[in-house]
Amino acid sequence: MNESSVTVAAPVPRQEPAAADGPRYDFNSAEPRWQRAWAERGCFRVEDVPTDGKPKYYVLEMFPYPSGKIHMGHVRNYTLGDVVARYKRAKGHSVLHPMGWDAFGLPAENAARERGVHPAKWTYENIANMRTELKRMGLSLDWEREFATCQPEYYRHQQKLFLDFLTAGLVERKESWVNWDPVDGTVLANEQVIDGRGWRSGALVEKKQLSQWFFSITKYAPDLLSALEGLDRWPERVRLMQSNWIGRSEGARMHFDLAASEAGIDKVEVYTTRPDTLYGMSFLAIAPEHPLAASVAARDPKAEAFVAECRSKGTSEAVIETGEKHGYDTGLRVKHPFIEGATYPIWIANFVLMEYGTGAIFGCPGHDQRDLDFSRKYGLDVVPVVLPPDGDPASFAIANDAYVGPGTIYNSDFLNGLDVDAAKRAAIAALVERKMGEGVVNWRLRDWGVSRQRYWGCPIPVIHCDSCGVVAVPDDQLPVTLPEDVTFDRPGNPLDHHPTWKHVNCPKCHKPARRETDTFDTFVDSSWYFARYCSPGSDLPLVRAAVDHWMPVDQYIGGIEHAILHLLYSRFFTRAMKATGHIAVDEPFAGLFTQGMVNHESYKAADGTWLYPEEIEKRLDGTAVQRGTELPVTVGRVEAMSKSKRNTIDPGAIIARYGADTARWFILSDNPPDRDMEWTESGAAGAFRFTQRVFRLAEALDSVPTGPQPAEFGQAARTLRRATHRCIASVSEALDGFAFNVAVARLYELANAIGDAERIGNNDDGLGWARREAVEMLARLTSPMIPHLAEEVYARLHPGSADLVADLPWPDADPALLIAESVTIAVQVMGKLRGTIEVPPNAPADTVIAAAEAEINVARALEGKRVVKRVHVPNRIVNFVIAG
RNA sequence: GCGAGAGUGGCGGAACGGUAGACGCAGUCGGCUCAAAAUCGACCGCCUUCGGGCAUGGGGGUUCGAAUCCCCCCUCUCGCACCA
């Protein structure tokens, strides 16, 4: 997880912000100091089962893959989560906010193969480095809950869960077609097959049948789909993507009898959503992997060649993009279910998928575009059976487009005259009557294959015994740990090559047997970690009292790239854990927020090589030159930070230069958090200026005496206090709505208002008190975003106080101060703005209208006109409608 | 192809159906400086005969009033994609 982009170290050191006159906020000493203060106070620690009676709030960001360094995507992700965590905590919640490591995975094995470093060493060193970097961000995390999924203390429980699922019938071992890389000797995910070749080896990928472990996610398909409706704090598009992925469709499962049986096979099973078009049938097509295709291929060399070709080219982009359809006529024929004596050819076709439905279709070219393309290519009949509403049965014909719209059935015997839906029902009824089929619901979702031929993953805790079959590793022998002495000097799975590891005795019959050498897909590791955080030290996978208290996660935050797989697997896993008694909830994540990416301009030198941002210098006219050489540089697109384009910004360098608060402030201020943002140098510098300005506003109060709240405030003080309390209200509202960029804008407004008050300089009428109040509120309201500076400012305002802002409750706005002393009302004539008037709040309508009519511009616009309607919206607007 | 989302100044973006452009970035002018940096102040959608007019992708509609609601169209982004 979270490994989409990798940051590399900046090669050229950047210059420090120029040292300026006067004292400055020294983030270098302040940030570590406050981080220590929070840690020593244990501000962010919570109990597994709290007894403080506070409402719980569980904030979680997708845990990082320990690639080596944190990148800006992490900074954005964890800053967003930290704002939520700190805000909810201040609002009186007991907040669980943990962090850990998604630590198994292929990059560690690649490092082992490429550099000879053991995956464990590589992983743990990366974790140590990234932990240090994350701690510099000042996140309000309970670090005592940290774990890595590669620790036996974690994955032993995963093995236990697997065995519980096995007992509960939620896991099975079955044969399946997989992408097999013959050079690397491993199964590849579909995403790892590029143009028909393995992404690492470049070898042609083969389709191969392997025995694999599967989680029975399809058992939950209906529930996983219907429960999406209740996830009302998930983005609509994620719910939609999951819904499409699960892919429910209604139709009929039916069989066609072969005219003559083939190698003992006498019928073909078909799934269709269009049983109403059965009379339009002109062929039957089966997938190349279909058993019937295999038996034809066994006796027919041409068929065998065709199947082999499909197998090798099936996944290539060329075939998929052009949609070119290929087929082979087997010579076999099937009988029509309703038409006595009619038979149709059976083709093997490349566009029929073995994975979906039954791997066989009946072809109705009149009303399915693919079937039409296929029929035109091979000269098969095209018989229309659905007449469009305005169609003429005598002349309606199918040209190049199949007709898939609504209409009336014709050319179809007993179905004639029915509409499409009625005909579907009638056709299914007829199939049922003849015992040839039934109405079914079909799902696109497949069971989740979790076997990987990898070393750096969680061992699957089973033993294969020749006498007893598959035997679960007994609980008292868990965990099955990875052997450390492995080599990566040849392709394939090091566990399989290990001289002794897999050789064990069967736990049942004690005869020699073999350990399973496959490990789990790393998505398994991340499918329950959120629940483990509730009781990370327990001897049980989950402690019911802890998960019952904390789960579900109230706010989950991460990238959209996990919209389907990780989230769907986690939803399944939670249900499976419920079925096995480990947890009580169905849904793991009550709220989900998907953040946008962090992008940056890219730069290219004249010779075509990419340049790091540190290597270029911007000119005033927007062009850029190479630092030092002054050679011209092409400024490229703003795109996702990537190592290859060298448009990365190292968070460590930013924090060293500006401090964590600046990085956090800029990343929050730039735009709404669900959209992609552009990291810019000027934006970061602007954020840095703000932090310094806040400090100066606090510093300016050193000479302003403290004292009790005055009974009376002058005009300027009242204005400032209104700004302060309006800010409390509006920042709270913005934070509640994830509008962090708006919260930032409101805080700039408050800072501007304090600056205005500062320049007035007269403290006699309570302005000094009002300024202290405003600066304190500025600190407290910014504290979820820039927590270190908030502490620094608060401490300066309260010398000698031991209070931490992190422990203070969220301030409440004084309702009396949210009411303006006067309101500006817009005056329109026929909907066009003609002027504004100042009136007391909630002034009576006739007073306001009279004042509006008196306004000079309005009066001019109304002169000589007849007003037919006066619209008055209190405290908002007056609109005069005139005749004519 | 199917589905979803989005189009507002030079840029990122604000805006319960009620003064469009908050706030920031960039820019212009000025104060302070020998100068620069930092900082502070002012300006900053387009046109204008200085009355005002035009402006939220385009065109219609609803409304006293539309960036916002409805219909049609255009463009862009993302997701799924031979799913029978």
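Rules of the game
- Residues numbered from 1 in each chain as written.
- Chains lettered and ligands numbered in written order.
- Predicted model: local features only at pLDDT ≥ 70, side-chain atom pairs only at ≥ 80, totals over all residues.
- Heavy atoms only, no water.
- Helix = DSSP H or I, 4+ residues; strand = E, 2+ residues; numbered from the N terminus.
- Buried < 20%, exposed > 50% of the residue type's maximum accessible area, 1.4 Å probe, protein only.
- Contact = heavy atoms within 4.5 Å.
- Areas by Shrake-Rupley, 256 points an atom, 1.4 Å probe, with all protein chains shown as cover.
- Lys, Arg positive; Asp, Glu negative; His and termini not counted.
- Charge placed at Lys NZ, Arg CZ, Asp CG, Glu CD.
- Polar contact = N/O pair within 3.5 Å; in protein donor to acceptor, adjacent residues only side chain to side chain.
- Core = buried A, V, L, I, M, F, W, Y, C linked by side-chain atoms within 4.5 Å.
- Near = heavy atom within 4 Å.
- Pairing = 2+ DSSP bridges.
- Right-handed = clockwise from strand over helix to strand, strands pointing away.
- pLDDT = per-residue confidence, 0-100.
- Axes fitted to C-alpha atoms, helices over the stretch in contact; angles between N-to-C directions.
- Parallel < 35°, antiparallel > 145°, perpendicular 65-115°, else oblique.
- Phe/Tyr/Trp six-rings, centres within 6.5 Å; stacked < 30°, edge-to-face > 60°.
- Lys NZ or Arg CZ within 6 Å of the ring centre and 35° of its normal.
- Expected span 1.5 Å × (residues − 1).
- Left-handed = near helix turned anticlockwise from the far one by under 90°.
- Salt bridge = Lys/Arg side-chain N within 4 Å of Asp/Glu carboxyl O.

Engineer: Any details on the overall build of chain A? Residues and values, ideally.
Structural biologist: A count of helical and extended segments in chain A gives 26 helices and 35 strands. Its C-alpha atoms put chain A at 105 × 85 × 65 Å along the principal axes. Counting all 884 residues of chain A, 53% fall into the buried class. Long-range contacts, defined as pairs at least 24 residues apart, comprise 72% of the intrachain contacts of chain A with a sequence gap of at least 6. Working note: accessible area of chain A is about 38500 Å², and carbon and sulfur atoms make up 51% of it. Between the mean site of the 98 positive side-chain charges and the mean site of the 117 negative ones, chain A shows a separation of 1 Å.

Engineer: Requested: an account of unusual backbone geometry, with residues and values cited.
Structural biologist: Cis geometry marks the peptide bond from Leu 478 to Pro 479; its omega dihedral reads 0°. Relative to the helices and strands, Pro 479 is located in the loop between strand S20 (469-472) and helix H13 (494-497). A cis amide bond, omega 0°, links Met 551 with the succeeding residue Pro 552. Positive phi, normally seen in glycine, also occurs at Asp 413, with a value near 50°.

Engineer: Break down the side chain of Ser 527 for me, citing the residues and quoting the values.
Structural biologist: If you trace the backbone, Ser 527 turns up in the loop between helix H14 (522-525) and helix H15 (529-532). Engagement of the side chain of Ser 527 in a polar contact is seen with the backbone oxygen of Phe 523, the distance being 2.7 Å. Among residues more than four places away in sequence, those in contact with Ser 527 are Trp 448, Tyr 569, Ser 570 and Phe 573.

Engineer: Account for the nonpolar core, with residues named and values stated.
Structural biologist: Counting 181 residues, the largest nonpolar core has Tyr 58, Phe 215, Tyr 529, Phe 573 and Trp 679 as the members making the most contacts within it. Here Phe 573 is in contact with Leu 161, Phe 165, Phe 215, Trp 448, Val 524, Ser 527 and Trp 528, once residues within four sequence places are set aside. In terms of nonpolar packing, the next biggest core, distinct from the first, is built from 44 residues, Ala 252, Cys 310, Ala 402 and Leu 415 among them.

Engineer: Please set out the protein's contact with RNA strand B residue by residue, giving values where relevant.
Structural biologist: Taken together, 56 residues lie around RNA strand B, and Thr 273, Tyr 356, Arg 370, Glu 749 and Arg 759 are the ones closest in. Take Phe 351: an N or O atom from its main chain is 2.9 Å from a sugar or linking oxygen of RNA strand B. Here a base oxygen of RNA strand B sits 2.8 Å away from a polar atom, N or O, in the side chain of Asn 879. No other element matches helix H22 (residues 740-760), which puts seven residues into the surface near RNA strand B.

Engineer: Describe the pairing of strand S24 (residues 555-559), naming the residues involved and giving the relevant values.
Structural biologist: Across the five residues of S24, five count as buried, placing the element largely inside the fold. Judged from the four bridges that link them, S24 and strand S25 (residues 592-595) form a sheet pairing that is parallel. When the bridges of S25 are listed, Ile 557 appears paired with Phe 593. Once you follow S24 into helix H17 (residues 565-579) and on to S25, the crossover reads as right-handed.

Engineer: Give a detailed account of the confidence of the model for chain A, specifying residues and quantitative values.
Structural biologist: Put simply, chain A has an average pLDDT of 90, and 94% of its residues get 70 or more. Under a pLDDT of 50 for its full length, residues 3-23 has, in the predicted model, 36 contacts with residues more than four places off or in other chains. The ipTM value of the predicted complex is 0.95, and its pTM value is 0.92.

Engineer: Requested: an account of the packing of helix H7 (residues 236-246) against H17, with residues and values cited.
Structural biologist: A packed helix pair is summarised by two numbers, namely the angle formed by the two axes and the spacing between the axes. With their axes 10 Å apart at the nearest point, H7 and H17 run at an angle of 75° to one another. Classified by the angle between their axes, H7 and H17 sit roughly perpendicular to one another. Of the residues in H17, those in contact with Val 238, Gln 242, Trp 245 and Ile 246 of H7 are Leu 565, Leu 567, Leu 568 and Arg 571.

Engineer: Explain the side chain of Ser 375 residue by residue, including any values.
Structural biologist: Within the secondary structure layout, Ser 375 lies in helix H11 (residues 369-378). Look at Ser 375 and you get buried, because its relative accessible area is 1%. Non-local contacts of Ser 375, meaning those with residues more than four positions away in its chain, are made with Ser 282, Phe 283, Pro 365, Leu 380, Asp 381 and Val 382.

Engineer: For the packing of aromatic side chains, give the residues involved together with the corresponding values.
Structural biologist: For any pair of aromatic rings, the description rests on two quantities: the centre-to-centre distance and the angle between the ring planes. Throughout the structure, instances matching the rule amount to 50 aromatic pairs. Plain terms: the ring middles of Tyr 529 and Phe 530 are 5.8 Å apart, the flat faces sit at 70° to each other, and that makes the pair edge-to-face. Accessibility assignment for this pair places Tyr 529 and Phe 530 in one class, buried. Taken together, the ring pairs connect Phe 162, Phe 165, Trp 213, Phe 215, Tyr 220, Trp 448, Phe 520, Phe 523, Tyr 569, Phe 572 and Phe 573 into an aromatic cluster. The ring of Trp 38 has Arg 86 lying over it, and the distance from NZ or CZ to the ring centre is 4.4 Å. The ring of Trp 143 carries Lys 135 above its face, with NZ or CZ at 4.9 Å from the centroid.

Engineer: Residue-level account of helix H21 (residues 715-736), with values.
Structural biologist: The end-to-end C-alpha distance of H21, which contains 22 residues, comes to 32 Å, matching closely the 32 Å that a straight helix rising 1.5 Å per residue would cover. Positioned one or two residues after H21, Phe 738 has a phi angle of 60°, which is positive.

Engineer: Give me the sheet that holds strand S33 (residues 832-839): which residues, what numbers.
Structural biologist: The four strands are arranged S33-S32-S35-S34 in an open sheet whose pairing can be described as mixed. Each edge of the sheet is formed by a strand with only one pairing partner; in this case those strands are S33 and strand S34 (867-873). Adjacent strand axes in the sheet meet at a mean angle of 20° when their direction is disregarded. Both S34 and strand S35 (residues 877-882) contribute to a ladder of six bridges, which runs antiparallel. Pairing of Lys 869 across the sheet is with Val 881, part of S35. Strand contacts of helix H25 (residues 845-854): strand S32 (823-829), S33, S34 and S35, with the helix running at about 65° to S35, the strand carrying the most contacts.

Engineer: Let's hear about the packing of helix H3 (residues 106-115) against helix H4 (residues 119-136): which residues, and what values?
Structural biologist: Put simply, H3 and H4 touch, their axes get as near as 8 Å, and they point 120° apart. Between H3 and H4, the angle is such that the two are oblique. Seen along the crossing, H3 lies across H4 with a hand that is right-handed. Along the contact surface, H3 presents Pro 107, Ala 108, Glu 109, Ala 111, Ala 112 and Arg 115, while H4 presents Pro 119, Trp 122 and Thr 123.

Engineer: Quick rundown of the pattern of salt bridges? Include the residues and the values.
Structural biologist: Evaluated as defined, the whole model comprises 42 salt bridges. Connected through salt bridges with shared partners, the residues Asp 223, Arg 571, Arg 575 and Glu 587 form a single ionic network.

Engineer: An account of the sheet that holds S20 is requested, with residue identities and associated values reported.
Structural biologist: Spatial strand order, S20-S19-S22-S21: four strands in an open sheet with antiparallel pairing. Of all the strands in the sheet, the pair left with one neighbour each is S20 and strand S21 (503-505). On average, each strand axis in the sheet is tilted by 40° relative to the strand beside it, whichever way the strands run. As judged from the two bridges shared by strand S19 (residues 462-465) and strand S22 (residues 512-515), these two strands associate in the antiparallel manner. Paired with His 464 across the strands is Arg 514, a residue of S22.

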